[in-house]
Amino acid sequence: MSKTPLTPRRDDTYNTVMELRAALAEHGITLPSLGRDFGTPPLVILGNCNTDTARALTAALERHPEPHPAHQSSTA
């Protein structure tokens, strides 16, 4: 009995996963378990990684910090 693989849902979450995968690849970082959860609401699965990958991810974020709007101080 052969099983037909499911076609991935190509929605905003899928697109976000693909964009994140490409952005990480530009820094030489691969998260093997990066994927899309099919729950409601759908979530991005970051999964597990080894220590070297975690350090590479940390270094990439520190080189190009882009503060989240909620963490920016207002100067009014």
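Above this text is the structure in question.
Residues numbered from 1 in each chain as written. Predicted model: local features only at pLDDT ≥ 70, side-chain atom pairs only at ≥ 80, totals over all residues. Heavy atoms only, no water.

Asks: Describe the layout of surface pockets, naming the residues involved and giving the relevant values.
Replies: Estimates place the volume of the largest pocket at around 320 Å³. If you go around the largest pocket, you meet 13 residues; those closest to its centre are Leu 20, Leu 24, Leu 57, Ala 60 and Leu 61. Broken down by class, the residue content of the lining of the largest pocket amounts to 9 nonpolar, 3 polar and 1 charged. (1 Å grid on protein atoms, 1.4 Å probe; cavity = no way out; pocket = protein on both sides within 12 Å on 5 of 7 lines; lining within 4 Å. Points joined across faces, edges and corners; volume = space filled by probe spheres on them. Nonpolar A, V, L, I, M, F, W, Y, C, P; charged D, E, K, R; others polar.)

Asks: Give me the lowdown on the side chain of Arg 36, citing residues and values where you can.
Replies: Mapped onto the secondary structure, Arg 36 falls in strand S1 (residues 35-36). On the basis of relative accessibility, which here comes to 11%, the residue Arg 36 falls in the buried class. Looking at Arg 36, its side chain comes within polar contact range of the side chain of Asp 11, at 2.4 Å. (Helix = DSSP H or I, 4+ residues; strand = E, 2+ residues; numbered from the N terminus. Buried < 20%, exposed > 50% of the residue type's maximum accessible area, 1.4 Å probe, protein only. Polar contact = N/O pair within 3.5 Å; in protein donor to acceptor, adjacent residues only side chain to side chain.)

Asks: Lay out the pattern of salt bridges with the relevant residues and their values.
Replies: In total, this model carries 2 salt bridges according to the counting rule given. Asp 11 is paired through a salt bridge with Arg 36; the nearest N and O atoms lie 2.4 Å apart. Here Asp 11 is found in the segment before helix H1 (12-25), whereas its partner Arg 36 is found in strand S1, with 25 residues between them in sequence. A salt bridge links Asp 52 to Arg 55; the shortest N-O distance between them is 3.8 Å. Separated by 3 residues within a single helix, Asp 52 and Arg 55 lie in helix H2 (residues 51-63), roughly one turn from each other. Arg 55 matches Asp 52 in its accessibility class, with the two residues each being exposed. (Salt bridge = Lys/Arg side-chain N within 4 Å of Asp/Glu carboxyl O.)

Asks: Account for H1, naming residues and giving values.
Replies: Side chains of residues three or four places apart in an α-helix project in the same direction, reflecting 3.6 residues per turn. For H1, with 14 residues, the first-to-last C-alpha span of 20 Å sits near the 20 Å given by 1.5 Å per residue. Of the positions making up H1, those classed as buried are Thr 13, Tyr 14, Val 17 and Leu 24. Taken around the axis of H1, the buried residues stretch over an arc of 105 degrees, which confines them to a single face. Looking at H1, the residues exposed on the side facing more than 90 degrees away from the buried face are Asp 12 and Glu 19. Its side-chain oxygen placed 3.2 Å from the backbone nitrogen of Thr 13, Asp 11 serves as the N-cap of H1. (Expected span 1.5 Å × (residues − 1). Arc of directions from axis to C-beta.)

Asks: Account for the environment of Asp 12, naming residues and giving values.
Replies: You can see Asp 12 is positioned in helix H1. Given the relative accessible area of 60%, Asp 12 is considered exposed. The spatial distance from the C-alpha of Asp 12 to the C-alpha of Pro 42 is 9.4 Å, given a sequence separation of 30 residues.

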